[in-house]
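Fold and contact review
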Amino acid sequence: MEKKKVLIVDDQNGIRILLMEVFNSEGYTTLQAANGKAALDIVRSDCPDLVLLDMKIPGMDGLEILKHIKEINSAVKVIMMTAYGELDMIKEATKLGALMHFTKPFDIDEMRVAVNMHLRTGSIDQCS
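Residues numbered from 1 in each chain as written. Predicted model: local features only at pLDDT ≥ 70, side-chain atom pairs only at ≥ 80, totals over all residues. Heavy atoms only, no water.

Focus on the overall build of the protein chain
In terms of helices and strands, the protein chain carries five helices and five strands. What you see in the protein chain, going N to C, is helices and strands ordered as β-α-β-α-β-α-β-α-β-α. The C-alpha atoms of the protein chain give 13 Å as radius of gyration, which agrees with the globular expectation for 128 residues (14 Å, within 12%). Dimensions of the protein chain along its principal axes, counting C-alpha atoms only, are 40 × 30 × 25 Å. Across the 128 residues that make up the protein chain, the buried fraction comes to 48%. Of the contacts formed within the protein chain by residues at least 6 apart in sequence, a portion of 66% connects residues at least 24 apart. For the protein chain, the separation between the mean place of its 15 positive charges and that of its 19 negative charges on side chains is 3 Å. (Helix = DSSP H or I, 4+ residues; strand = E, 2+ residues; numbered from the N terminus. Rg over C-alpha atoms; globule rule 2.2 N^0.38 Å. Buried < 20%, exposed > 50% of the residue type's maximum accessible area, 1.4 Å probe, protein only. Contact = heavy atoms within 4.5 Å. Lys, Arg positive; Asp, Glu negative; His and termini not counted. Charge placed at Lys NZ, Arg CZ, Asp CG, Glu CD.)

Focus on the UniProt feature "modified residue: 4-aspartylphosphate" (unreviewed entry) in the protein chain
Residues given the UniProt feature "modified residue: 4-aspartylphosphate" (unreviewed entry) here are Asp54. Within the secondary structure layout, Asp54 lies in strand β3 (residues 50-54). Judged by its relative accessible area of 3%, Asp54 is buried. Those residues within four positions of Asp54 in sequence are excluded, and the remaining contacts are Val9, Asp10, Asp11, Gly62, Met81, Thr82 and Lys104. (UniProt positions renumbered as here; feature names shortened; annotations may be inferred.)

Examining helix α3 (residues 62-72)
Of all the residues in α3, the buried ones are Gly62, Leu63, Ile65, Leu66, Ile69 and Lys70. The buried residues of α3 all sit within an arc of 160 degrees when viewed along its axis, so they share a single face. Structurally, α3 contributes buried residues whose contacts are with α2 (36-46), β3, β4 (77-82) and α4 (87-95). (Arc of directions from axis to C-beta.)

Here we look at the sheet that holds β4
Read across the open sheet, the five strands follow the order β2-β1-β3-β4-β5; overall the sheet is parallel. With one partner strand each, in any of the chains shown, β2 (29-33) and β5 (100-103) form the two edges of the open sheet. The average angle at which neighbouring strand axes cross in this sheet is 20 degrees, direction not considered. With five bridges connecting them, β3 and β4 associate as parallel partners. Looking at the pairing, Leu52 lines up with Ile79 of β4. Running over the sheet, helix α1 (residues 13-25) touches β1 (5-9), β2, β3 and β4 and is turned about 170 degrees from β2. (Pairing = 2+ DSSP bridges. Axes fitted to C-alpha atoms, helices over the stretch in contact; angles between N-to-C directions.)

Remarks on the pattern of salt bridges
A side chain of one charge can pair with a side chain of the opposite charge if their charged atoms are brought near each other. Under the counting rule described, the total for this entry stands at seven salt bridges. We note a salt bridge from Arg112 to Glu26, for which the minimum N-O separation is 3.6 Å. You can see Arg112 sitting in helix α5 (residues 108-120) and its partner Glu26 sitting in the loop between α1 and β2, a full 86 residues away along the chain. For Arg112, a relative accessible area of 24% gives the class partly exposed. Since its relative accessible area comes to 23%, Glu26 is described here as partly exposed. (Salt bridge = Lys/Arg side-chain N within 4 Å of Asp/Glu carboxyl O.)

The structure is reproduced here in structure tokens:
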């Protein structure tokens, strides 16, 4: 059985490295992107099962990236990460299809549990 793929999109290198270590140790294949363009290229080429997406990324913000991800493949699961208590953006992200959000600094164990829960349910292959 192929490993599930988690794409981590954050402009902060330290957060990407931390999350890659956590999810590699959980048995996932991890991919990373520092910006929206790179993230969308990976969604097209590698078809991740779940995307951990930062809300505030220079250039293309998280909401814009989320819209494009859902246009490319509506089955991709997306969890937002935000450093801000921006309720309007969080509500908008939920409308656009984000499953949930974590506010930074997040509890890494809570995030691990959430990702495992979302990836261990509905294991149909969404990429053809």
